[in-house]
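If you want the building blocks of each chain, they are given just below.
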Amino acid sequence: QETRTGKVLVEASSAAVDQLLTFIYTDEISDLRLIEEDDEGLLTEVFEMGARYELPRLQSLAEKQLQESLTIDNAAQRLVLAIRHGSKLLEGPCLTMVKDNVTEVMKTEGWKLIANDASVMAALVHPRTLDNNAESNEARHECRAFKRQRTT
C-alpha cells in the first residue's frame, strides 16, 4: 500500500513522531525521561520506532535512556521490551533489577507481562541458557573435529 499510494502510515503518538522527526534532522532525541515522568509510553514507543524503521541509532539513544531510568516499577516491562527486541544493553540491568528485587517487582503491573511470556520467564530463570547452548554446541563441534583428526 505504501508503494502504491506513496504514503506511509505511522502508527504512533504525535510526541513519538515528533521525536522521530527530530532524530531524522538532528541525529538526537530529547531527554524523554524528563518528558514522560511516570508514563512508560513515549520512551518505549520511540525505542520501538527505532526497531520498526530500522534506525539503530534512534533505538540506541532510546535504549540508553531506558537503561538510565530503570526502576523497580518499570523493570519488568523493560525486561520484556529488551528480550522482545534483543537488546542486551537493556536486558542485563533489567534482569539484575528484577532478580535483586523480585518481591517488589512481582507487585507491579509489569510482572503480568513476564508471567505471560515464556521466553522472558525462561531468561529470568536461566539467563544464560542461549549462550550456554551455543558454547556447548561449539565445544561439541570442536571435540568431534579433534576426534576426526586423531582417527585419520
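Before any of the text, the structure's been laid out above.
Residues numbered from 1 in each chain as written. Predicted model: local features only at pLDDT ≥ 70, side-chain atom pairs only at ≥ 80, totals over all residues. Heavy atoms only, no water.

Draft legend 1. Unusual backbone geometry, seen in detail. For Asp27, which is not a glycine, the phi torsion comes out positive at approximately 65 degrees. Structurally, the position occupied by Asp27 is in the loop between helix H2 (14–26) and helix H3 (32–36). A positive phi angle, near 55 degrees, is found at Glu54, a position not held by glycine. Mapped onto the elements, Glu54 comes out in the loop between helix H4 (41–52) and helix H5 (56–68). (Helix = DSSP H or I, 4+ residues; strand = E, 2+ residues; numbered from the N terminus.)

Draft legend 2. Expanded view of the environment of Leu89. Looking at the element boundaries, Leu89 is found in helix H7 (residues 88–100). Along the sequence, Leu89 and Ser60 sit 29 residues apart, while their C-alpha atoms lie 9.1 Å from each other. Once residues within four sequence positions are removed from consideration, Leu89 is found in contact with Glu63 and Gln67. (Contact = heavy atoms within 4.5 Å.)

Draft legend 3. Representation of the nonpolar core in the model. Ile29, Val46, Leu79, Val98, Ile114 and Leu124 are the most contacted members of the largest nonpolar core, which has 32 residues in total. Of all the elements in the fold, those that place two or more residues in this core are H2, H4, H5, helix H6 (75–85), H7, helix H9 (110–115) and helix H10 (118–125). Sorting elements by how many residues they give to this core places H6 first, with seven residues. Setting aside chain neighbours within four positions, we find Ile114 in contact with Ala76, Leu79, Val80, Val120, Met121 and Leu124. (Core = buried A, V, L, I, M, F, W, Y, C linked by side-chain atoms within 4.5 Å. Buried < 20%, exposed > 50% of the residue type's maximum accessible area, 1.4 Å probe, protein only.)

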